[in-house]
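Understanding the architecture of this molecule
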There are 2 protein chains.
Amino acid sequence: MIESSEPLAAAVVPGDQRAPTADEARRIGVIDLGSNTARLVVFECNGTSSYRMVDSVRERVRLAEGLNQDGTLKPAAISRALAAMELFHDFVMAVGLDGLEVIATSAVRDAANREEILGPLRELGLEPRVLDGHLEAAYGVLAVANTSCVDNAWVIDQGGGSLQLSLMEHRTYQHGEAFQLGTLRLTEAFLASEHTRPVTPAQVREVENHLEKTLGPALEALRQKPYPLVCMGGTVRNLASAAQHQQQYPLNLLHGYRLRQQPLEQLTRLVLQRTVNERQALPGLSTDRADVIGAGAITFRWLLRKSQRKELVISGAGVREGALLRRLLPAPHLIEDVRRFSIGNVASHYPQPVVHTENVVRLALQLFDQLQPLHGLAAADRLLLEAAAGLHDIGMAVSYYRHHRHGAFLLEAAGLDGFEHHEIAMLSLLVRYHRKSIPSRGAFATLLAGEEDERRLWSLAACLRLAEHLERSRTGRIGDLEFKIADDVATLHLKSKVPPTVEIWEARKDAELFELAFERKLEIQHRPS
Amino acid sequence: MIESSEPLAAAVVPGDQRAPTADEARRIGVIDLGSNTARLVVFECNGTSSYRMVDSVRERVRLAEGLNQDGTLKPAAISRALAAMELFHDFVMAVGLDGLEVIATSAVRDAANREEILGPLRELGLEPRVLDGHLEAAYGVLAVANTSCVDNAWVIDQGGGSLQLSLMEHRTYQHGEAFQLGTLRLTEAFLASEHTRPVTPAQVREVENHLEKTLGPALEALRQKPYPLVCMGGTVRNLASAAQHQQQYPLNLLHGYRLRQQPLEQLTRLVLQRTVNERQALPGLSTDRADVIGAGAITFRWLLRKSQRKELVISGAGVREGALLRRLLPAPHLIEDVRRFSIGNVASHYPQPVVHTENVVRLALQLFDQLQPLHGLAAADRLLLEAAAGLHDIGMAVSYYRHHRHGAFLLEAAGLDGFEHHEIAMLSLLVRYHRKSIPSRGAFATLLAGEEDERRLWSLAACLRLAEHLERSRTGRIGDLEFKIADDVATLHLKSKVPPTVEIWEARKDAELFELAFERKLEIQHRPS
């Protein structure tokens, strides 16, 4: 293996037309020459306060094709990879970037003749850092640590060439290993016939025996440290997408999705019963993975069965995000508070009246705290309220009419790193109902199944809506507030310099939801401050 | 009647916290004291290049309640209206505005004791301009002229107190008249029993006889000039919304909706069969209009039957927009090109790479023109392509992944003035399919019913997608292009200084859609310029 060097020096590649200015966002490219696909992704970064993908070019190069037989990259595979890299080079030079990371993984590092591709790439000016197995694993861990709220996890990254299994503890990479268990390799070794006929039980057993032989020793550690299994890579994301279609899952988000045993078992059967062509008809499966998805399904099904877990947690972020974050953030390359970071990230996409939003956040949290004896909710719920208040008006970007609905859509579409899907569902509902109507779980009833979820929804929605209405003039007139809670009435005392006429008038309309949530009548009084 | 005066002087009302700067958008408020509801709407205006509603407060005041009997406003009604206006005053003073228009319509102008409300409003600093019937009608026409592409129309505005019928020709108000046919008045006069029991056939006949007596003479003119009937006001919008629910209409837009005879007849029966309480269960009907919607339904059904039209065209814009536009635009208060104005209006909501978008527009139109012999489409289709190209990337505001779908959603949610609904459906599909997949009409099959619509969709989508891919590096590398069209091949010659590698590589992927649309193979060649 090639030992990893220090991070690539800032490979600044300005485009002809590009003249970056001080206040402009920086654009960083990451090229990832994988065993199955080559990909160029462009991120736009505002300092270290937000980043987002703004472009992506993907070519299926199958660089590792045939690598099993003699350990060398095939000329045709090298040609495909070079063609893709020339394309990326053209793209990068044309658009201009403020920095570029180029990485290569298993196919290149494991090839006896890797110089045959590294040489031309060097001439092109795109020589990749060839990640050794540890570094590849560590990049994956970096992505998980910065896009979830998990402190400890096993991180599993199956690519076309290799599978990395790493241990993360306290958000930090502990150790990891790369196994020759990429989907392309497994397919070539055991499932080459699947183009013409379904996979046979005997073939499945062969793959599973091979997994047992290779990964078996590592399983013991997995069982001893019962951390969640966080899985990344195109194959598992694709399996998750297909499983969501099968389940009619109510959120269109892969990152953070929990793929449970039963749907995975069912999906694996569906995949293996079909030839490669027949798989194209399965909704959610991507056409150009149809021939390697079988190997992936067998791998993850086996892992889930053997590890004594109930589910795999999907990560939408992986090695590319790891490479970006390592460059973007000072060591130890960790975002301090992933959830607040992602709230800010989403909020920054939409023009919002900052002061009004801050006021609603402040009031909502004050109301939550004052009403604590009545709702008894936890700190996690308080954070949800804070997030919903911070994002409640993003739908105004679409139109004033129905902006509560638009906002819920935008929030669901953007996703929020670090939040569970049931939390995102709750956030979406809070934004959806921040103005009117009695909140109902609707399509999210499967994610928010408990009766106490409905009560939580009502309580949080009542706090947010009251805060919104106490900020009706959007001018921060309500300086402070205090609740006096009696058996059947809760009296809200508002402090403000001038009588907040509009605010009181609007807030009085919230009595119905308030009563539903807190089983008290709502009374409102103004005290000049 | 009170004669209308000159436009209200700029009633600039700066809020305590408001310090408008030169580059900040101006905020103009319009208060509309109607017979049924009082409303304050705030618009944000960027010079005369765009405007959008950013806030709205609505109170149901029923100012005209009981006005029929003795021609005077009732003390309770005056109190309700004054309470609402005090509220608006508080709101306006708190938020601060750069200008305010206050108008009052039928209830005030027709009341013998109007001074009892005008006096207190004067003291409050909110004395309205009391619109006479002509001016009210002219404001409605101004709204139609600036939010549709209709040159000639009959404009019908039914409020709570009166119904205005006006003639617009060449986008200009010709004449108009106000009739005492508001929904509140009709309800009080003929349908007062409907709270407790459904409307009887005899009651319907009474209303219709009254309509015949009052509007009958005007009908002749309507029949002689067979212009479309453009209808505005809360009641008809609400009827349209309910009809859309009944039809499972695929767009959630009222402005520009064509309410046809059959759905209106059906809806009217549904409404009249129900008591006011039972009407609440009809989806789309607003709760606080349930008691006057019957009168509105009878009115518009009668109008449609008698006028020998097939449909009513709904306008979402009305007197308030008229008041804003009259203030915003220099006489004759007309936006030159409504469609391009609204494209710009929507585009301005979302951060977009301006140069890339301009390049895609330019290339798409070049392709359209070059391929004219193959598609034979009209100038209206060319404009659709221009609009879709101008808006194709708005979904990037939500997230890069699936931005084509997000963009289609945003476009549908925002609506586009001056475009027919079937055109908005086409625009949405063009944005939706600007990157990949074979376009299909999907949910819009009812709006785009013809086989030639599918062909149009393919042709326009092929032009847009090819343009997008010829701008893949987003740097305007393709300076010019030319098609050579043969019987089975169309060869695209690209001119650019450097070989546009990325562009050609992406554009070659468009061959399938191109062949479907134009029945030619697509070949691409580069000519250094």
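Residues numbered from 1 in each chain as written. Chains lettered and ligands numbered in written order. Predicted model: local features only at pLDDT ≥ 70, side-chain atom pairs only at ≥ 80, totals over all residues. Heavy atoms only, no water.

Counting secondary structure elements, chain A contains 21 helices and 14 strands. Its C-alpha radius of gyration of 26 Å places chain A within 12% of the 24 Å reference for a compact globule of 529 residues. Looking at chain A residue by residue over its 529 residues, the buried ones come to 61%. Of the roughly 20300 Å² that chain A leaves accessible, carbon and sulfur atoms contribute 51%. Distance between charge centres in chain A, computed from 60 positive and 66 negative side chains, equals 4 Å. (Helix = DSSP H or I, 4+ residues; strand = E, 2+ residues; numbered from the N terminus. Rg over C-alpha atoms; globule rule 2.2 N^0.38 Å. Buried < 20%, exposed > 50% of the residue type's maximum accessible area, 1.4 Å probe, protein only. Areas by Shrake-Rupley, 256 points an atom, 1.4 Å probe, with all protein chains shown as cover. Lys, Arg positive; Asp, Glu negative; His and termini not counted. Charge placed at Lys NZ, Arg CZ, Asp CG, Glu CD.)

The next thing to look at is the side chain of Ser162 of chain B. All names here are of chain B. Mapped onto the elements of the fold, Ser162 is located in the loop between strand S6 (153-158) and strand S7 (163-169). Taking the relative accessible area as the measure of exposure, Ser162 reaches 3% and is therefore buried. Of note is the side chain of Ser162, whose polar atom sits 3.3 Å from the side chain of Arg109. Polar side-chain contacts of Ser162 include one of 2.6 Å to the side chain of Gln164. Contacts of Ser162, omitting those with residues within four sequence positions, involve Ser106, Arg109, Glu136, Asp157, Phe179, Leu181 and Gly182. (Polar contact = N/O pair within 3.5 Å; in protein donor to acceptor, adjacent residues only side chain to side chain. Contact = heavy atoms within 4.5 Å.)

What follows deals with the packing of helix H19 (residues 451-469) of chain A against helix H21 (residues 511-518) of chain A. All names here are of chain A. Two elements in contact, H19 and H21, have axes separated by 8 Å at closest approach and are oriented at 140°. Along this stretch, H19 crosses H21, giving a crossing that reads as left-handed. Seen from H19, the contacting residues are Arg455, Trp458, Ser459, Ala461, Ala462, Cys463, Arg465 and Leu466; seen from H21, they are Leu513, Phe514, Leu516, Ala517 and Phe518. Per-class residue counts for the contact of H19 with H21 are 10 nonpolar, 1 polar and 2 charged. (Axes fitted to C-alpha atoms, helices over the stretch in contact; angles between N-to-C directions. Left-handed = near helix turned anticlockwise from the far one by under 90°. Nonpolar A, V, L, I, M, F, W, Y, C, P; charged D, E, K, R; others polar.)

What follows is about unusual backbone geometry. Both trends apply: most residues other than glycine have a negative phi, and most peptide bonds are in trans. For the peptide bond that leads from Ala331 of chain A to Pro332 of chain A, omega is 5°, which places it in the cis range. Inspection of the secondary structure assignment puts Pro332 of chain A in the loop between helix H12 (319-328) and helix H13 (338-347). One non-glycine residue, Arg62 of chain B, lies in the positive phi region at around 50°. For Arg62 of chain B, the location among the structural elements is in the loop between strand S3 (50-60) and helix H1 (67-70). Classification of Arg62 of chain B by relative accessible area gives buried; the value is 7%.

The next subject is the packing of aromatic side chains. Per the stated rule, a full pass over the model turns up 13 aromatic pairs over all chains. Ring plane angle 75° and centroid distance 4.8 Å describe the contact between Tyr249 of chain B and Tyr257 of chain B, whose orientation is recorded as edge-to-face. Residue classification places Tyr249 of chain B among the buried positions, given a relative accessible area of 18%. Counting every residue linked through ring pairs, the aromatic cluster contains Phe43, Tyr51 and Phe341 of chain A. Sitting above the plane of the Phe419 of chain A ring, Arg339 of chain A keeps its charged end 5.9 Å from the centroid. A cation sits over an aromatic face here: Arg432 of chain B above Tyr433 of chain B, 4.4 Å from the ring centre. (Phe/Tyr/Trp six-rings, centres within 6.5 Å; stacked < 30°, edge-to-face > 60°. Lys NZ or Arg CZ within 6 Å of the ring centre and 35° of its normal.)

Laying chain A over chain B is done by rotating through 180° and shifting 0.0 Å along the axis; what remains is an RMSD of 0.0 Å. In the structure described here, the two chain copies are related by an operation that fits a two-fold rotation axis. When C-alpha distances to the rotation axis are compared across chain A, the minimum falls at Tyr350 of chain A, with a value of 4.1 Å. Comparing contact sets, 100% of the residues at the interface of chain A also lie at the interface in chain B, consistent with an isologous, same-surface contact. (Least-squares fit on C-alpha atoms with pLDDT ≥ 70 in both.)

Facing the 42 residues of chain A at the interface are 42 residues of chain B. Linking chain A to chain B there are 8 salt bridges. Two residues, Asp90 of chain A and Arg477 of chain B, come together in a salt bridge whose shortest N-O distance is 2.5 Å. Our count for the contact surface shared by chain A and chain B stands at 25 residue pairs in polar contact (both at pLDDT 80 or more). When contributions to the side of chain A that touches chain B are tallied by element, the ones reaching two or more residues are strand S3 (50-60), helix H2 (75-95), helix H17 (403-414) and helix H20 (501-508) of chain A. Counting residues per element, the side of chain A that touches chain B draws most heavily on S3 of chain A, at 8 residues. Looking at the side of chain A that touches chain B residue by residue, the class counts come to 21 nonpolar, 9 polar and 12 charged. (Salt bridge = Lys/Arg side-chain N within 4 Å of Asp/Glu carboxyl O.)

This paragraph deals with the confidence of the model for chain A. All names here are of chain A. Predicted confidence across chain A gives a mean pLDDT of 91, with 95% of residues reaching 70 or more. In the model, residues 1-23 has pLDDT below 50 throughout and makes 49 contacts with residues more than four positions away in sequence or in other chains. Here the prediction assigns the complex a pTM of 0.91, and the interface score ipTM is 0.88. (pLDDT = per-residue confidence, 0-100.)

A separate point is the pattern of salt bridges. Here the structure, examined in full by the defined rule, presents 74 salt bridges over all chains. In this structure, Lys74 of chain B engages Asp70 of chain B in a salt bridge whose closest nitrogen and oxygen atoms are separated by 3.4 Å. Among the salt bridges present, the one from Arg258 of chain B reaches Glu420 of chain B, with a minimum N-O distance of 2.9 Å. Pair noted here: Arg258 of chain B is in strand S10 (residues 258-260) and Glu420 of chain B is in the loop between helix H17 (403-414) and helix H18 (421-432), with a separation of 162 residues, a long-range link. Each of Asp55 of chain A together with Asp393, Arg472, Arg474 and Glu506 of chain B takes part in salt bridges that share partners, so that together they form one network.

Mapped onto the secondary structure, Asp55 of chain A falls in strand S3. Its relative accessible area of 3% is what places Asp55 of chain A among the buried residues. A polar side-chain atom of Asp55 of chain A sits 2.8 Å from a polar atom in the side chain of Arg472 of chain B. Ignoring any residue separated from it by four or fewer positions in sequence, one finds Asp55 of chain A in contact with Leu40, Val41, Val42 and Phe91 of chain A together with Tyr400, Arg472 and Arg474 of chain B.

Attention now goes to the sheet that holds strand S13 (residues 489-496) of chain B. All names here are of chain B. Ordered by their spatial adjacency, 3 strands build an open sheet running S12-S13-S14, and the pairing between neighbours is mixed. Each having just a single partner strand, strand S12 (480-485) and strand S14 (521-528) make up the two edges of the open sheet. When the angles between neighbouring strand axes are averaged without regard to direction, this sheet yields 20°. Two strands pair when backbone bridges link them, and S13 and S14 are joined in this way by 8 bridges, in the parallel orientation. Paired with His493 across the two strands is Gln525, which belongs to S14. Each of S12, S13 and S14 is contacted by helix H19 (residues 451-470), which is oriented at about 35° to S13, the strand it contacts most. (Pairing = 2+ DSSP bridges.)

With that out of the way, let us pick up the pairing of S7 of chain B. Residues and elements named next belong to chain B. By the criterion of burial, S7 is predominantly enclosed, with 7 of the 7 residues buried. Where S6 and S7 come together, 6 bridges link them in antiparallel fashion. By the bridge assignment, Ala153 is partnered in S7 with Met168. Connecting S6 to the next strand, S7, in antiparallel fashion are 4 residues. Sheet analysis places S7 next to strand S8 (residues 172-179), joined by 7 bridges and oriented antiparallel.

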